[in-house]
Structure formats: C-alpha cells, structure tokens
Amino acid sequence: MDAFLASTFAVAIAEIGDKTQLLSLFLVARYAKRTPIILGILVATLLNHALSALLGAWIAEWIPQTWLPWILAISFVAIALWLLIPDKDDNGDSAFLGMGAFMATTVMFFLAEIGDKTQIATVVLAARYTDTFWVIMGTTVGMLLANIPVIMAGKWLMERLPLATARIGASLLFVILAVATVWTALTSV
C-alpha cells in the first residue's frame, strides 16, 4: 500500500501545472466530449508508466543493493529540484488532432510523458518500491487526479490553482521520499 499511496500523491502533486495539464486544457477546448479525453489519458498513462515502472524495477535488480538507496535519494532530490521549474505549453497544433478525441489524447499524452517529470518519477518510484503493479496503479491514479479536474472545470480551475505552491509542495514530497529512503537504508543496516 505504501507504493500505491506514495506514487499517487507524488504524481498528483507533481502534475499540477505540468505540460500535460496544459494539454488537457487544450484538448477539452478542442473536443466537446470529455469522456474520450479521460479514457485517452488513462490508456496513455497506463502504457507509459507501465514501461517506466518496468524499467525502474529492472534497474533496481542490476544496481548493487548498497548503492540503490543513495542513487534513489539523489534521484528524488533531482526530481524535487526539477519540479520547481514551471512547464510551458509547447504542444501547439498536432497532426494527431484529426484522429478524434480518444486517439489524439492517447497519442499526445503518451508522447508528452516521454522524459517528463512524472515518467522519471515513475522509474524512480518503481526502483524504490518492490511492488511494481502498485507503483503503476498509483502513478496512473495520480495522473487522473491531477488532470480530470482540469478537464471538468477547465480554464476556471487553472486560473485559481496556486501553481507555485503546488510545485513547492511536490518538491517537498520528493525531498521527504529521499530522506525516507536514506533513513530506511541506514536503520536497516
């Protein structure tokens, strides 16, 4: 359950103000139906984060166990610092928009997540927690928790969210994960 909760909260908070939220806002303005957009986010996130979590689990198997907590802690701190940098909407018009709401959302979200903070976080969380399935479920739920309100409330919500506060909160969460990782490593010796 720790893997699920940590993954859910980390991604939900990290997503606030992220480019995929801007993409959600763009898609809901472009397409009238919200359900295909939500389902597209679900499918894209499951695929992207499953691949990311499997990579993280594989990396955890190959890194010596004595190094792993330190590498994870450094990775969590790097993500915490990265979260402090605001994202910009760099999607523009896309050739995928003619595919319909579901396919356009699926493809654009999958591509937008490549190399994104939450994808990297998923790799690191899967390396940290041994239950890869719950990491995938948690990061997917976190992505949906962050994007569904944007889809439902759109521009009104984005204008009222304190994005700087959310970025700082997400950054602190990753620092806490780094400290917890080191603490667990030191106390289990």
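Residues numbered from 1 in each chain as written. Predicted model: local features only at pLDDT ≥ 70, side-chain atom pairs only at ≥ 80, totals over all residues. Heavy atoms only, no water.

Let us now look at the overall build of the protein. The helix and strand inventory of the protein stands at eight helices and zero strands. Ordered by position from N to C terminus, the α and β elements of the protein give α-α-α-α-α-α-α-α. (Helix = DSSP H or I, 4+ residues; strand = E, 2+ residues; numbered from the N terminus.)

Let's shift gears to the environment of Ile-79. For Ile-79, the location among the structural elements is in helix α4 (residues 68–83). Measuring from C-alpha to C-alpha, the distance between Ile-79 and Val-124 comes to 9.4 Å, with 45 residues separating the pair along the chain. When residues no more than four places from it in sequence are discounted, the contact partners of Ile-79 are Ile-120, Ala-121, Val-124 and Phe-174. (Contact = heavy atoms within 4.5 Å.)

What follows covers a nonpolar patch on the surface. A cluster of nonpolar residues, Val-77, Leu-81, Leu-84, Ile-168 and Leu-172, forms a patch on the protein surface that exposes about 440 Å² of accessible area. Secondary-structure elements contributing two or more residues to the nonpolar patch are α4 and α8 (163–187). With respect to the helices, strands and loops of the structure, Ile-168 is situated in helix α8. The class of Ile-168 is partly exposed, set by a relative accessible area of 46%. (Patch = residues over 30% accessible without salt bridge, like charges linked within 9 Å, V, L, I, M, F, W, Y side chains within 5 Å. Areas by Shrake-Rupley, 256 points an atom, 1.4 Å probe, with all protein chains shown as cover. Salt bridge = Lys/Arg side-chain N within 4 Å of Asp/Glu carboxyl O. Buried < 20%, exposed > 50% of the residue type's maximum accessible area, 1.4 Å probe, protein only.)

Summarising the element assignment, Thr-139 is placed in helix α7 (residues 132–160). Separated by 3.1 Å, the side chain of Thr-139 and the backbone oxygen of Ile-136 make a polar contact. In contact with Thr-139, other than residues within four places in its own chain, are Ser-7, Thr-8, Val-11, Thr-45, His-49, Thr-122 and Leu-125. (Polar contact = N/O pair within 3.5 Å; in protein donor to acceptor, adjacent residues only side chain to side chain.)

Now for the packing of helix α2 (residues 19–30) against helix α5 (residues 101–113). For the pair α2 and α5, the least separation of the axes is 10 Å and the interaxial angle reads 160 degrees. Overall, the two elements α2 and α5 adopt an arrangement that is roughly antiparallel. Of the two elements, α2 crosses α5, and the hand of that crossing is right-handed. Each of Lys-19, Thr-20, Leu-23, Ser-24, Phe-26 and Leu-27 in α2 lies in contact with α5, whose residues at this interface are Thr-105, Met-108, Phe-109, Ala-112 and Glu-113. Looking at the contact of α2 with α5 residue by residue, the class counts come to six nonpolar, three polar and two charged. (Axes fitted to C-alpha atoms, helices over the stretch in contact; angles between N-to-C directions. Parallel < 35°, antiparallel > 145°, perpendicular 65-115°, else oblique. Left-handed = near helix turned anticlockwise from the far one by under 90°. Nonpolar A, V, L, I, M, F, W, Y, C, P; charged D, E, K, R; others polar.)

Another aspect to go through is the environment of Val-150. Relative to the helices and strands, Val-150 resides in helix α7. For the pair Val-150 and Leu-22, spaced 128 residues apart in the sequence, the C-alpha separation amounts to 8.6 Å.

Enumeration according to the criterion identifies three aromatic pairs in this entry. Centroid distance Trp-58 to Trp-62: 6.1 Å. Interplanar angle 55 degrees. Geometry classified as tilted. Highlighted residues: Trp-58 and Trp-62, both in helix α3 (residues 35–62), separated by four residues, approximately one helical turn. A relative accessible area of 61% means that Trp-62 is categorised as exposed. Members of the aromatic cluster, each reached through a chain of ring pairs, are Phe-4, Phe-133 and Trp-134. The ring of Tyr-129 carries Arg-128 above its face, with NZ or CZ at 4.7 Å from the centroid. (Phe/Tyr/Trp six-rings, centres within 6.5 Å; stacked < 30°, edge-to-face > 60°. Lys NZ or Arg CZ within 6 Å of the ring centre and 35° of its normal.)

What follows deals with the nonpolar core. The nonpolar side chains of a soluble globular protein tend to be buried with one another. Within the largest apolar cluster, 25 residues are counted, with the highest numbers of intra-cluster contacts made by Leu-72, Phe-76, Leu-125, Tyr-129, Val-135, Phe-174 and Leu-177. Those elements that place two or more of their residues in this core are α1 (2–15), α3, α4, α6 (117–128), α7 and α8. The greatest single-element share of this core, amounting to six residues, is contributed by α4. Excluding anything up to four places from it in sequence, Leu-177 contacts Ala-6, Ala-10, Phe-76, Leu-125 and Tyr-129. Counting residues in each nonpolar core, the second largest holds 17 residues, with Leu-27, Tyr-31, Ile-38 and Ala-44 among its members. (Core = buried A, V, L, I, M, F, W, Y, C linked by side-chain atoms within 4.5 Å.)

In short, shape yes, function no, at least from these values alone.
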